[in-house]
Structure formats: structure tokens, C-alpha cells
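Survey of secondary and tertiary structure
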Amino acid sequence: MLLGTFFNASASEKPVISVNTFSSDGKILISESSEVGTAVAVLAVSYHRKVVCSIDNDNFTLSTIFDNEYLIKTHVTLDRELVSSYVVGVSCEDQLLGLFSSVNLSIYIADENDNSPEFHQESFIYKVPEDIPIGTYIFTAEANDQDIGKNGEIMYEIIPSYLGFIIDANTGEVMTSHYFDRESIEAVSFDVIANDQGSPQRKSKASVTIELIDVNDNKPFFPLPV
Ligand SMILES: [Ca+2]
Ligand SMILES: [Ca+2]
Ligand SMILES: [Ca+2]
Ligand SMILES: [Ca+2]
């Protein structure tokens, strides 16, 4: 079944181009992962003679199905992150009489989850005093994702989750959640994971090392005489 929008040419004697878009709302929306040669729309020209149609955009092809009926297909690999929509001009002409009509088609590229979140840095190293209070903000592990919507929405987590630091799942802000003692452990290492919310989900990680700076928190120890 072909549904679609009807683009009407102005003068009645001219060819009338109608566009079947394969969608109920008439909008042309194709996935960025579409193979080269994917059908985008069908053009049907109402006119009493044969017309010749052409398009002005090399990223698409126009092929004849029947007289005065054409199929528009993709001619290139699409990437929504580079080009999110195209305008394709279509002209149909009665070459004998010189009568022609033209329409502009807007072709929108739908996002796929084809990009992983990326951290601004692969690793983070911070030094904090060993007596740092619980809940102290350390840094923000921020990642970006070029996709849109859920495909680009990032949630953060720390792995392993029990080493004395917590992360705000929405903002990537890392805070302390425990007391530290440099005399027991001098540094803490963990990974920060950025998960997008697309399907399938994509993720990336950055490594974090927090070095504990000594604070003079131990009284001098004098051996007792025997
Ligand atoms: Ca892409
Ligand atoms: Ca994408
Ligand atoms: Ca993504
Ligand atoms: Ca100490």
C-alpha cells in the first residue's frame, strides 16, 4: 500500500507530480543504516503525454518504473551525524511542449545508535587528602554521544561500585562515599562507565585513579622500654 503526500503543480495544463512516501504522515524518513539503493519514494506524474523527470541531488537516483512513474532510491551511504536531512528537487518536463513542473522533497534521516559515548579523557588522576569528608565532589567524568534521543542519552556508573566513590548517574559527578586511610591504602582505582540508552546499548569507559595524600593523623609511636 502506498500512502503519501500530494504536491500539486500550479497550472492545470502542466504535469502534476504526486509523491508516495511509504508513510502515513507523508514525511520521508529513512534510517541512516539504509543500504545504498533503498527505496525512498515513488513519483507518479499525472499528464496526458510522456514526461521526462530528473532530480538535482547526486545522493539519490531516479529510475523509471512505468511511463510517468519513478522510484527514488538512495545512492550513497547515509550518516545522520553528518547530514540529517536532504532537499531533493524533482522536475518533470514534456520535452516537446516545454511544459514542466517541479517539487522539492525533504528527506529526513532517522538516527540509529551507531556511536558510542566518548569520554573527554581516557584516564583521570586526582590527589585528595586522606581525611577528605564523605560526599566531597572530586571531578566530573563527562562523555558525549553524537546520536540523538535515547541513542545519545548517557547514564554513568562506577565499576567496581564499592571502593568509596559514587557517581551521579545523570551528570557524571564523582564524590566520596567513605572515609579513607592512607596508612591502609595509598590509591584507589576504578572505571567510570558511560552507557547510552539506545538499543542495542553502547558504552565506553575511562579509568580513574585517586591518590590519597598523607595527613598527619597518626601520633608518634615510641617503643616502650622493656
Ligand atoms: Ca551515523
Ligand atoms: Ca546515529
Ligand atoms: Ca549512542
Ligand atoms: Ca596519615
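Residues numbered from 1 in each chain as written. Chains lettered and ligands numbered in written order. Predicted model: local features only at pLDDT ≥ 70, side-chain atom pairs only at ≥ 80, totals over all residues.

**Topic: the sheet that holds strand 12 (residues 137-140)**
Neighbouring strands of a sheet are bound in pairs by backbone hydrogen bonds; such pairs are parallel or else antiparallel. Here three strands make up an open sheet; going across it, the order is 12-16-15 and the pairing antiparallel. Pairing within the sheet leaves two strands with one partner each, and these edge strands are strand 12 and strand 15 (165-167). Ignoring which end each strand starts from, the neighbouring axes of this sheet average 25 degrees apart. (Pairing = 2+ DSSP bridges. Helix = DSSP H or I, 4+ residues; strand = E, 2+ residues; numbered from the N terminus. Axes fitted to C-alpha atoms, helices over the stretch in contact; angles between N-to-C directions.)

**Quick notes on the UniProt feature "domain: Cadherin" (unreviewed entry) in the chain**
With numbering matched to this structure, UniProt assigns "domain: Cadherin" (unreviewed entry) to residues 56-119 and 120-222. End-to-end, the C-alpha atoms of residues 56-119 are 40 Å apart, and along that stretch the chain is 0% helix and 58% strand. Structurally, residues 120-222 is divided into 0% helix and 46% strand, and its ends, taken at the C-alpha atoms, are 49 Å apart. (UniProt positions renumbered as here; feature names shortened; annotations may be inferred.)

**Remarks on the confidence of the model for the chain**
When the pLDDT values of the chain are averaged, the result is 92; 94% of them are 70 or greater. Every residue in residues 1-11 is under pLDDT 50, and counting partners more than four places away or in other chains gives 24 contacts. (pLDDT = per-residue confidence, 0-100. Contact = placed C-beta atoms within 7 Å.)

**Digging into the nonpolar core**
Counting residues in each nonpolar core, the largest one holds 18 residues, and the members touching the most others are A41, L43 and C53. Looking at this core, the element that brings in the most residues is strand 4 (residues 39-46), giving four residues. Not counting chain neighbours up to four residues away, the residues in contact with L43 comprise I17, V19, C53, E69, Y70, I72 and V90. (Core = buried A, V, L, I, M, F, W, Y, C linked by C-beta atoms within 7 Å. Buried ≥ 20, exposed ≤ 12 C-beta atoms within 10 Å, placed from the backbone.)

**A look at unusual backbone geometry**
I159 connects to P160 through a cis peptide bond whose omega is -10 degrees. Note that P160 resides in the loop between strand 14 (154-159) and strand 15. For the bond from S199 to P200, the omega torsion is -5 degrees, close enough to zero to count as cis. Tracing the sequence through the fold places P200 in the loop between strand 17 (187-196) and strand 18 (203-213). Positive phi values are uncommon outside glycine, yet F22 reaches one of about 65 degrees. Looking at the element boundaries, F22 is found in the loop between strand 2 (16-20) and strand 3 (28-31). Its 17 C-beta neighbours within 10 Å are what place F22 among the partly exposed residues. In this structure, N68 is a non-glycine residue whose phi angle is positive, near 60 degrees.

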